[in-house]
Amino acid sequence: MSDDSAWERYGIAAGILFVVLVVIAALIGGAPPKPTDSTAKIGSYFHDNQDALKVGGYLNGLAAVAFLLFLGSLWARLRRVEGVASRLSVVALSGGIAALGLAVIADAINSYVALYIGDLGPGGAKAFYLLAVIIVSFAAFGLAVFVSATSVMILRHSFVERWLGWIGLAIAGLWFIAGIGVADNNTPIHTLGFIAFLLWAGWLLVLAVLMLTRELPADATQA
């Protein structure tokens, strides 16, 4: 195995680490408040779970590093199977980076609230939390692009099992619906976004495992 191939596999394995870290970070603070919850309830959430949310913020930072490593290896794999044009591989990479950037901004806002809840008070906590929710809703569009482009590549080139491509397209559809959260704060949309996140995390985990078990020859070209 060449050094480049080994590093590519390390990057793919980082996708597994990403899923573990991001799921722990999402669950460690308990169920987050709904956007329609009262100011007092949102303030209490950050006050009562302050330490857990601080830890979650750090884990999300580590997860962001792991996701970038995974994206690099996934892009290399997609580019090889796509051949010279490599349009969809670039689209997948761009969607992943855009989603990650927005998610990191939202995580930074929530970490700020957790750190300074005593100074912000319930009113400030709710204002910043709702801003983070909107930013995460915009990240849903980037994830929809990332998942749909990757899934189309799976269906076209079968570099992993094709059924994962069909599941990915369904999850991408959920992300597009979750994006309605940028314009509507109703509870079902908020809940759907969390469901989409859990399904996406599972999909990404399976993708990483399958990529590790189905190594692509270095000279692979367009199918």
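Residues numbered from 1 in each chain as written. Predicted model: local features only at pLDDT ≥ 70, side-chain atom pairs only at ≥ 80, totals over all residues. Heavy atoms only, no water.

## With respect to the side chain of E82
Piece 1. Mapped onto the secondary structure, E82 falls in helix α3 (residues 50-82).
Piece 2. Within the buried core, E82 has no salt-bridge partner, and the shortest N-O distance to an opposite charge, that of R156, equals 5.1 Å.
Piece 3. Polar contacts involving the side chain of E82 include one to the main-chain amide nitrogen of S89, which spans 3.0 Å. (Helix = DSSP H or I, 4+ residues; strand = E, 2+ residues; numbered from the N terminus. Buried < 20%, exposed > 50% of the residue type's maximum accessible area, 1.4 Å probe, protein only. Lys, Arg positive; Asp, Glu negative; His and termini not counted. Salt bridge = Lys/Arg side-chain N within 4 Å of Asp/Glu carboxyl O. Polar contact = N/O pair within 3.5 Å; in protein donor to acceptor, adjacent residues only side chain to side chain.)

## Concerning the packing of helix α2 (residues 39-48) against helix α5 (residues 117-157)
Piece 1. In the contact formed by α2 and α5, the axes pass within 8 Å of each other and the chain directions differ by 120 degrees. What the angle tells us is that α2 and α5 run oblique. α5 is crossed by α2, and the crossing has right-handed handedness. Contacts from T39, I42, G43, F46 and H47 of α2 reach α5 at I117, P122, G123, A125, K126 and Y129. (Axes fitted to C-alpha atoms, helices over the stretch in contact; angles between N-to-C directions. Parallel < 35°, antiparallel > 145°, perpendicular 65-115°, else oblique. Left-handed = near helix turned anticlockwise from the far one by under 90°. Contact = heavy atoms within 4.5 Å.)

## Things to note about a nonpolar patch on the surface
Piece 1. Taken together, the side chains of V20, I24, I28 and V55 make up a nonpolar region of the molecular surface, amounting to roughly 300 Å² of accessible area.
Piece 2. As for its position among the elements, V20 is in helix α1 (residues 3-27). (Patch = residues over 30% accessible without salt bridge, like charges linked within 9 Å, V, L, I, M, F, W, Y side chains within 5 Å. Areas by Shrake-Rupley, 256 points an atom, 1.4 Å probe, with all protein chains shown as cover.)

## A closer look at α5
Piece 1. Taking 1.5 Å per residue as the helical rise, α5 with its 41 residues ought to reach 60 Å, whereas the 50 Å between its terminal C-alpha atoms falls clearly short.
Piece 2. Within α5, the axis deviates most sharply at G123, by approximately 75 degrees.
Piece 3. Of the residues one or two after α5, S158 is the one with positive phi, at around 50 degrees. (Expected span 1.5 Å × (residues − 1). Bend = angle between axes of the 7 residues up to and from the residue.)

## Thoughts on the confidence of the model for the protein
Piece 1. Per-residue confidence for the protein gives a mean pLDDT of 92, with 95% of residues at or over 70.
Piece 2. Element-level pLDDT for the protein is lowest in α1, with a mean of 91, against a maximum mean of 97 in helix α6 (residues 162-178).
Piece 3. The low-confidence segment residues 219-223 (pLDDT under 50) makes 10 contacts with residues lying over four places distant or belonging to another chain. (pLDDT = per-residue confidence, 0-100.)

## So, the packing of α3 against helix α4 (residues 87-115)
Piece 1. At a minimum axis separation of 10 Å, α3 and α4 run at an interaxial angle of 175 degrees. Judged by the inter-axis angle, α3 sits roughly antiparallel to α4.
Piece 2. Partitioning the contact of α3 with α4 into residue classes produces 16 nonpolar, 6 polar and 5 charged. (Nonpolar A, V, L, I, M, F, W, Y, C, P; charged D, E, K, R; others polar.)

## A few points about the environment of K41
Piece 1. Relative to the elements of secondary structure, K41 occurs in helix α2.
Piece 2. Sequence spacing of K41 and P122 is 81 residues, and the spatial spacing of their C-alpha atoms is 8.1 Å.

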